[in-house]
Structures are given as C-alpha cells and as structure tokens.
Amino acid sequence: DAGVTQSPTHLIKTRGQQVTLRCSPKSGHDTVSWYQQALGQGPQFIFQYYEEEERQRGNFPDRFSGHQFPNYSSELNVNALLLGDSALYLCASSPLGMRGTEAFFGQGTRLTVV
Amino acid sequence: QKEVEQNSGPLSVPEGAIASLNCTYSDRVSQSFFWYRQYSGKSPELIMSIYSNGDKEDGRFTAQLNKASQYVSLLIRDSQPSDSATYLCAVNMSGAGSYQLTFGKGTKLSVIP
C-alpha cells in the first residue's frame, strides 16, 4: 500500500516564477492538506481540500492556490515566487470521513527560490 | 493567536534512559493531539495520537494528555540512538468545522550511546 506521494522531491525556481507541486494521498484517504515548513520551524497549515473544494485556509496570501481532483490527488500552485517561499512543502492525507484525526505526510517537496 | 509551545532543546539523554518531551497549547476546545517524529531532512512521521485525558501506550512510547492543564507529553522509554530526531507536537484546535493541525516548533532529542 503506497503512502502519500509527492512530486517533485526537489525544485529550484527563480523569483517571480510560478510552481506546481503534486500530491497523491494514501489509499482510502479523501482529504488532503498542504503545509509549509521553513527551516527550524514546525509545519504551517496552508489549506485543506475535501470533496474537490478548499474547505479551510491558513494565513497564506492568494498567491497560494490549489486544486483537488476526483481521484483525491491534489496540486499546490504558488505564483510570483518570493525568496521567502523557499521551504519544504508537505502534503498530508487523512482517512475517509475523518478529517480531524490522524494525518499522514508525504516525503515533501524541497522548493528553493533563487 | 492559537499556539502550541515546545521546548526547542536540544534534549540530551543517555541510551536506555527515559526521554520526556512536553507541549502546551492555548486553545481549550482542542480535541485531538499528535506527536510526530522528524529526522533531519525528512518529513514528519506520525508516532502517537491521543484524544482523551490520561495515558496512551504504544511500545516504548507513552503519550499523556491533561486537558485541564492544556498539556500533552511524550515519554520514550529505553531511548535508542535511532530515536535522535526532532519531535513535533501537533494539535487540532478545532472549533466547529476546523480540521487544521497547529504545530509546535519541535524539540530536538539527542540520545547519547
């Protein structure tokens, strides 16, 4: 049983560019959340997708957007990249109908903005 | 501002000792509590979840929750060098319809052989 998978694992982008990160949830999971983890910090909640809609959003600007597909996979898009967007981006999935319970993380995408 | 606080460490314990990691949270209505282990350069791995007051044991790990004191802890018995990692406390500070996890900054644990 594959766990949460993310792609790509590493990415280098130039300031001002746009980036798309992808996530496939664990089998049997329907909820996907995205987190940003800066060096030395805990993950910070960006948003959560359930039933193909953004259900909850953290304190991130509109440059951060996402999508969830019918197969529960998800994308995170970041426009107009800033140097401060450099971080580990984590996708977490939660079991069907249990959004407030255990969340399992993928291996993350390390984004570097230069 | 809803917060989760952890001592950043580093916490150093000798091999075979008990490591005690602590976490406090600010939101009284919090319902779900989690401990994640994160090795350097890797993603967080869920090791314990606890939802009600008291202790929950899983192998060498024990999670303790005291909602009245807004305090959750993780005990690691018989600590091994492989337990050396950063331990993240996460809380689901749920009001109605809220499912996001709020994380502490993590406590770095070092187990000395």
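Anyway, here's the lowdown on the structure attached to this text. (Residues numbered from 1 in each chain as written. Chains lettered and ligands numbered in written order. Predicted model: local features only at pLDDT ≥ 70, side-chain atom pairs only at ≥ 80, totals over all residues. Heavy atoms only, no water.)

1. Quick look at the state of the cysteines
Then comes step 1: Considering all chains together, one arrives at 2 disulfides over all chains under this definition.
Then comes step 2: Shown here is the disulfide that connects Cys23(A) with Cys91(A), its sulfur atoms set 1.8 Å apart. Residues Cys23(A) and Cys91(A) are joined through a disulfide that is left-handed, its torsion about the S-S bond being -55°. Of this pair, Cys23(A) sits in strand β3 (residues 19-24) while Cys91(A) sits in strand β9 (residues 87-95), and the two are 68 residues apart along the sequence.
Then comes step 3: Look at Cys23(A) and you get buried, because its relative accessible area is 2%.
Then comes step 4: On the accessibility criterion, Cys91(A) (0% relative accessible area) is buried.
Then comes step 5: In this model, Cys23(B) is linked to Cys89(B) through a disulfide, with the two sulfur atoms separated by 2.1 Å. (Disulfide = S-S within 2.5 Å. Helix = DSSP H or I, 4+ residues; strand = E, 2+ residues; numbered from the N terminus. Buried < 20%, exposed > 50% of the residue type's maximum accessible area, 1.4 Å probe, protein only.)

2. What to know about the nonpolar core
Then comes step 1: Trp35(B), Val72(B), Leu74(B), Ile76(B) and Tyr87(B) are the most contacted members of the largest nonpolar core, which totals 24 residues.
Then comes step 2: Every element with two or more residues in this core is listed here: β3 (19-25), β4 (32-38), β5 (45-50), β7 (61-66), β8 (71-76), β9 (85-92) and β11 (107-112) of chain B.
Then comes step 3: In contact with Leu74(B), not counting residues within four places along its chain, are Ala19(B), Ser20(B), Leu21(B), Trp35(B), Ile47(B), Met48(B), Phe61(B), Thr62(B), Ala63(B) and Tyr87(B).
Then comes step 4: Membership of the second largest hydrophobic core comes to 20 residues, among which are Leu21(A), Trp34(A), Phe47(A) and Val78(A). (Core = buried A, V, L, I, M, F, W, Y, C linked by side-chain atoms within 4.5 Å. Contact = heavy atoms within 4.5 Å.)

3. Re the interface of chain A and chain B
Then comes step 1: Of the residues lining the interface, 20 residues belong to chain A; the matching set on chain B comes to 20 residues.
Then comes step 2: At the boundary of chain A with chain B, total buried surface from both sides reaches about 1,600 Å², with 52% on carbon and sulfur atoms.
Then comes step 3: Here chain A and chain B share 6 residue pairs in polar contact (both at pLDDT 80 or more) between them.
Then comes step 4: Among the elements of the structure, β4 (29-37), β5 (44-50), β9 and β10 (104-105) of chain A are those that each provide at least two residues to the side of chain A that touches chain B.
Then comes step 5: For the side of chain A that touches chain B, the class distribution of residues is 8 nonpolar, 10 polar and 2 charged. (Buried area = accessible area lost by both parts, 1.4 Å probe. Polar contact = N/O pair within 3.5 Å; in protein donor to acceptor, adjacent residues only side chain to side chain. Nonpolar A, V, L, I, M, F, W, Y, C, P; charged D, E, K, R; others polar.)

4. Let's talk about the pattern of salt bridges
Then comes step 1: Applying the stated criterion to the full structure yields 7 salt bridges over all chains.
Then comes step 2: Here Glu51(A) makes a salt bridge to Arg55(A), at a shortest N to O gap of 3.2 Å.
Then comes step 3: Residue class for Arg55(A) comes out partly exposed when judged on its relative accessible area of 36%.
Then comes step 4: Residue Arg37(B) pairs with Glu45(B) through a salt bridge whose shortest N-O separation is 2.9 Å.
Then comes step 5: Given the relative accessible area of 36%, Glu45(B) is considered partly exposed. (Salt bridge = Lys/Arg side-chain N within 4 Å of Asp/Glu carboxyl O.)

5. Quick notes on the environment of Lys108(B)
Residues and elements named next belong to chain B.
Then comes step 1: Mapped onto the fold, Lys-108 is located in strand β11.
Then comes step 2: The exposure class assigned to Lys-108 is exposed, which follows from its relative accessible area of 52%.
Then comes step 3: As for Lys-108 and Leu-21, which are separated by 87 residues in sequence, their C-alpha atoms are 9.5 Å apart.
Then comes step 4: Residue contacts for Lys-108: discarding those within four places in its chain leaves Ser-8, Gly-9, Pro-10, Leu-11, Ala-85 and Thr-86.

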